[in-house]
Amino acid sequence: MTSASADFPAMVQVPEAELTSIVQRALARMGLSDAHVQAIAKVIVAGQRDACQSHGVYRLITCADAVRAGKVRLDAEPTVRATGSPIVQVDAQFGFSPLAFERGLPALVEATRRHGLGALVIRHCFHFSALWPEIEAITAHGLAALALTPSHAWVAPAGGSQPLFGTNPIAFGWPRPGPNPYVFDFATSAIARGDLELHRRAGQPLPEGCGVDADGEPSTDPVAVARGAMLAFGGHKGSALSTMVELMAGALIGDWTSRESLTFDDGAGVAPCHGELVLAFDPAAFADGDQATQTARAEQLLDSITAQGARLPSQRRFAAREASARQGIAVPVELWHDIMALADL
Ligand code: NDP
Ligand code: PYC
């Protein structure tokens, strides 16, 4: 166990295989089917491995809350409709999203290879996860990818103070030579809801500019902001990106917007339920016969970023991944106790 301070809580280091088996046990105890257990465990253990505290094994608590509320279907079998068009449609049947993505991925890759670009539309899923695991699963096939999903109406539009948008993440990936793609993945809110919850759990104030209280006054109190509204990052720019997510991954695909997801939640306070849009691009189809030049120009651009001393997004994550492989996965002690309790260990 490492020593603790306010910003750096004490951690336990757990080998990946052990953490995976404890997480699987906890999920199985919730009554989830084995297919969901495997898919969810993979995603949240990967999050913890990459030191993504808001979307790592903390999400077991999110799963437990959703299951307890009786809204999520524990044995939902996603159905995949791939008709030869570029659009692959998956109905998650009101189960958690990781299995729905997993089931749709092969058809998305096939459609993208055939048409040059493809779209995966997931509907009716409970969504609590980070998007980068999905992006990395697509870039592993040599494809570029863009993913969008709404959440619950927690975020006010720029200039307003009433919650309307979700925290609406946008994630993008570009395949690179070597093991690590270029990937960014961020909430369009100034802070992710998961991070707000972690601040609330730790009794810590939010950074300035993340939200307003119920009277529309700026606040750094996570409880007051949860009652009021979160804010988009970058003012009107984040607000417009968030609107795009509602339109493209809500209205366009015929699934719920963040406001509709919150209405469906009806005070249960569980994971949002809505759809997701994932777009994939085959670089070969856009390269005009010269993929070597395409790749070289992309690499030149990315190298010019790091040449200035700037880092690429996901660089911190990839470094954490390497550290986890060497030392085991770091889990905050308090969370570790919660997880062990969920696993009845
Ligand atoms: P962060 O602000 O932590 O990070 C956003 C991105 O920017 C990451 O790719 C990160 O890479 C990168 N980054 C951070 N600092 C730098 C830097 N100095 N230079 C270059 N790149 C940098 O993400 P958020 O808190 O906004 O989101 C966290 C997670 O929450 C995401 O994975 C998202 O998918 C998830 N989420 C899920 C939602 C859902 O509805 N399912 C809703 C909202 C969020 P790195 O990781 O290496 O630091
Ligand atoms: O962190 O904003 C968030 C979030 C919403 C749904 C899953 N994660």
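Residues numbered from 1 in each chain as written. Chains lettered and ligands numbered in written order. Predicted model: local features only at pLDDT ≥ 70, side-chain atom pairs only at ≥ 80, totals over all residues.

Chemist: Explain the site of ligand 2 here, please?
Modeler: Within the structure, ligand 2 sits among Ser54, Phe128, Ser151, Thr167, Ala187, Ala192, Arg193, Gly194 and Pro272. The residue makeup of the shell around ligand 2, split by class, is 4 nonpolar, 4 polar and 1 charged. (Near = placed C-beta within 6 Å. Nonpolar A, V, L, I, M, F, W, Y, C, P; charged D, E, K, R; others polar.)

Chemist: Honestly, the nonpolar core in this entry has me stumped. Any pointers?
Modeler: A general tendency of soluble globular proteins is for nonpolar side chains to be buried together. Counting residues in each nonpolar core, the largest one holds 75 residues, and the members touching the most others are Val23, Ile40, Val57, Ile135 and Ala145. Here the element with the most residues in this core is helix α2 (residues 34–49); it accounts for 8 residues. The residues touching Ile40, leaving out its near neighbours within four places in the chain, are Leu27, Cys63, Phe96 and Pro98. (Core = buried A, V, L, I, M, F, W, Y, C linked by C-beta atoms within 7 Å. Buried ≥ 20, exposed ≤ 12 C-beta atoms within 10 Å, placed from the backbone. Helix = DSSP H or I, 4+ residues; strand = E, 2+ residues; numbered from the N terminus. Contact = placed C-beta atoms within 7 Å.)

Chemist: What should I look at first to understand helix α9 (residues 258–265) in this one?
Modeler: A turn of α-helix holds 3.6 residues, and therefore any two residues three or four places apart point the same way. Inspection of α9 places Ser258, Ser261 and Leu262 among the buried residues, and these make up the whole buried set. Taken around the axis of α9, the buried residues stretch over an arc of 95 degrees, which confines them to a single face. The inward-facing, buried residues of α9 abut α8 (236–251) and β11 (273–281). (Arc of directions from axis to C-beta.)

Chemist: Which parts of the structure should I look at to understand the site of ligand 1?
Modeler: The local shell around ligand 1 holds 25 residues, among which Ala130, Phe186, Ala187, Pro313 and Arg316 are the closest. Contributing elements (two or more residues each) for the shell around ligand 1: β8 (182–186), α6 (193–202) and α12 (315–327). Looking at the shell around ligand 1 residue by residue, the class counts come to 10 nonpolar, 10 polar and 5 charged.

Chemist: Teacher, can you tell me more about the sheet that holds strand β7 (residues 170–174) here?
Modeler: Through backbone hydrogen bonds, the strands of a sheet pair up, either in parallel or in antiparallel fashion. Taken together, 7 strands build an open sheet; the order of strands is β2-β3-β4-β11-β5-β7-β8 and the sheet is mixed. Each having just a single partner strand, β2 (79–82) and β8 make up the two edges of the open sheet. Averaged over all pairs of adjacent strands, the angle between their axes in this sheet comes to 10 degrees, without regard to strand direction. Of the strand pairs in this sheet, β7 and β8 are connected by 5 bridges, and their pairing is antiparallel. (Pairing = 2+ DSSP bridges. Axes fitted to C-alpha atoms, helices over the stretch in contact; angles between N-to-C directions.)

Chemist: Is there a simple way to think about α2 in this case?
Modeler: Its 16 residues give α2 an end-to-end C-alpha distance of 22 Å, which sits within 8% of 22 Å, the value for a rise of 1.5 Å per residue. For α2, the buried fraction is high: 12 of the 16 residues fall into the buried class. Regarding α2, the residues found buried are His36, Val37, Ala39, Ile40, Ala41, Val43, Ile44, Val45, Ala46, Gly47, Gln48 and Arg49. (Expected span 1.5 Å × (residues − 1).)

Chemist: Help me understand the packing of α2 against helix α4 (residues 97–115), please; the structure alone is not making it clear to me.
Modeler: A packed helix pair is summarised by two numbers, namely the angle formed by the two axes and the spacing between the axes. Where α2 contacts α4, the two axes come as close as 8 Å, and the packing angle between them is 95 degrees. The pairing of α2 with α4 is recorded here as roughly perpendicular in orientation. Along its contact with α2, which presents Ala35, His36, Ala39, Ile40 and Val43, the element α4 presents Pro98, Leu99 and Glu102. By residue class, the composition of the contact of α2 with α4 is 6 nonpolar, 1 polar and 1 charged. (Parallel < 35°, antiparallel > 145°, perpendicular 65-115°, else oblique.)

Chemist: Teacher, can you tell me more about the pairing of β11 here?
Modeler: In the case of a regular strand, side chains alternate between the two sheet surfaces. Most of β11 is tucked away: 8 of the 9 residues are buried. In this sheet, β11 lies alongside strand β4 (residues 117–126) in antiparallel orientation, the contact comprising 8 bridges. Opposite Leu120, over in β11, you have Val278 as the bridge partner. In this sheet, β11 lies alongside strand β5 (residues 144–148) in antiparallel orientation, the contact comprising 5 bridges. Paired with Leu148 across the strands is Leu277, a residue of β11.

Chemist: Would you mind going over the sheet that holds strand β10 (residues 229–231) with me for this structure?
Modeler: The strand order across the open sheet formed by 3 strands is β6-β10-β9, and the pairing between neighbours is mixed. The strands lining the two open edges of the sheet, one partner per strand, are β6 (155–156) and β9 (211–212). Relative to β10, β6 is paired through 2 bridges, and the arrangement is parallel. What sits directly across from Ala156, in β10, is Leu231.

Chemist: In this structure, what is going on with the confidence of the model for the chain? I would like to understand it.
Modeler: Where the model shows low pLDDT, its predicted coordinates should not be examined in detail. Across the chain, the average pLDDT comes to 96, with 98% of residues at 70 or higher. Taken over the whole predicted complex, pTM reads 0.97, whereas the ipTM for its chain interfaces reads 0.99. (pLDDT = per-residue confidence, 0-100.)

Chemist: For this particular structure, what's the right way to read the environment of Ser85?
Modeler: Following the sequence through the fold, Ser85 ends up in the loop between β2 and β3 (87–96). Residues Ser85 and Thr112, spaced 27 residues apart in sequence, show a C-alpha to C-alpha distance of 9.6 Å.

Chemist: Before we go on, may I ask you to explain unusual backbone geometry in this structure?
Modeler: A negative phi angle is the norm for most residues apart from glycine, just as the trans form is the norm for most peptide bonds. At Gln93, a position not held by glycine, the phi torsion is positive, near 60 degrees. Examined against the element boundaries, Gln93 turns out to sit in strand β3. You can call Gln93 partly exposed: it has 16 C-beta atoms within 10 Å. The phi dihedral of Asp288 is positive, around 55 degrees, even though this residue is not glycine. Note on placement: Asp288 falls in the loop between α10 (283–286) and α11 (291–306).

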